Amino acid sequence: MDLGLTGKVALVTAASRGIGFGIAQALAAEGARVAIVARTEADVKKAAESIAGFGVAADLLTDEGCRKAVAETERAVGPIEILVNNLGTRAGSSWQDTGPDEFQSAFAGNAGVCVRMSKLVLPGMLERGWGRIVVIASIWGREAGGPPAYNAAKAAEISFATSLGREVGAKGVTVNCVAPGSILWEGGGWSRRVQQDPAGMGEFVRREMPLGRFGTAPEVASLVTYLCSAQASLVNGACIAVDGGQSRSNT
């Protein structure tokens, strides 16, 4: 199936490793011209070179960093037609260490960056009459679970995608969310947990993962790539879980 992505300019945030890098790889494999952004210069350069893409080192937790990522991508690659908001941060782990400061930090590092980046690329997408915005949320945004501030921030991202998608969909721009479950990638949080407590993680997988395994970055990337395609023209304002049945939400 030709996904119609050849030549499309895509920007993927937090894409030097993990899920973001998997998405960048998948989009590049479909012929998109991919730019990746992350904070560390060396990591960005290495990742971008591996997919023959363009890299920007920027701190997206700042307005200046977001503007830099968009401006340098459009100057070097072209007008951004696809934006994948993958950046996500955590603050606090339970209500014992979570208060207003942690909520503010979690919202800034998730929904805040998502809104800022989307608002920067949206005018051009609307002017051209075509665009794709995909937000990487979490199953802990669709239902209760995980660190409280992170849970609330991811729920806000899902609400953002639905609301914005309803407003701009008729103008050729779709906005969707992908909600990964527990995804294992080298150097990621689940990888560290497996190394630290293999027996405990084995029990977690048996109890919580119906497929009997963690998910992988390429499996998330496959869904994201489809949502960026011409074939996904009717999918808008949606939040799709990619979790192997891990989540329990009926919606």
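Here, every reference points to the structure presented above.
Residues numbered from 1 in each chain as written. Predicted model: local features only at pLDDT ≥ 70, side-chain atom pairs only at ≥ 80, totals over all residues. Heavy atoms only, no water.

### Thoughts on the pairing of strand β1 (residues 9-13)
Here β1 lies mainly inside the structure; 5 of its 5 residues are buried. Residues V9, L11 and T13 point to one face of β1 and A10 and V12 to the other, with burial holding for every one of them. Assessed by its sense of winding, the connection that carries the chain from β1 through helix α1 (residues 18-29) to strand β2 (residues 33-38) is right-handed. (Buried < 20%, exposed > 50% of the residue type's maximum accessible area, 1.4 Å probe, protein only. Helix = DSSP H or I, 4+ residues; strand = E, 2+ residues; numbered from the N terminus. Right-handed = clockwise from strand over helix to strand, strands pointing away.)

### Quick word on the sheet that holds strand β6 (residues 173-180)
Ordered in space as β3-β2-β1-β4-β5-β6-β7, the 7 strands form an open sheet in which the pairing is parallel. What marks the edges here is a single partner per strand, and that holds for β3 (54-57) and β7 (239-242). Sheet twist, expressed as the mean angle between neighbouring strand axes with direction ignored, is 20 degrees. Alignment of strand β5 (residues 131-136) against β6, held across 6 bridges, turns out to be parallel. (Pairing = 2+ DSSP bridges. Axes fitted to C-alpha atoms, helices over the stretch in contact; angles between N-to-C directions.)

### Looking at α1
The first and last C-alpha atoms of α1 sit 17 Å apart over 12 residues, in line with the 16 Å expected at 1.5 Å per residue. With respect to burial, α1 is a largely interior element, 9 of its 12 residues being buried. Among all positions in α1, only G18, I19, G20, F21, G22, I23, A24, A26 and L27 are buried. Just beyond α1, the residue with positive phi is G31, at close to 95 degrees. (Expected span 1.5 Å × (residues − 1).)

### Focus on the pattern of salt bridges
In the structure shown here, the tally under the stated rule is 9 salt bridges. Two residues, K8 and E81, come together in a salt bridge whose shortest N-O distance is 3.7 Å. Of this pair, K8 sits in the segment before β1 while E81 sits in the loop between α3 (63-76) and β4 (82-85), and the two are 73 residues apart along the sequence. Across the pair, E81 and K8 agree in class, each one buried. Here E219 and R213 are joined by a salt bridge, their closest N and O atoms 2.7 Å apart. Taking the relative accessible area as the measure of exposure, E219 reaches 32% and is therefore partly exposed. (Salt bridge = Lys/Arg side-chain N within 4 Å of Asp/Glu carboxyl O.)

### Focus on the state of the cysteines
The full count for this structure, using the stated rule, is 0 disulfides. C114 takes part in no disulfide bond, and the closest cysteine sulfur to it belongs to C177, at a distance of 7.0 Å. Cysteine C177 is unpaired, with the sulfur of C239 as its nearest cysteine sulfur at 4.8 Å. A residue is classified by how much of its surface remains accessible, and C177, at 0% relative accessible area, is buried. (Disulfide = S-S within 2.5 Å.)

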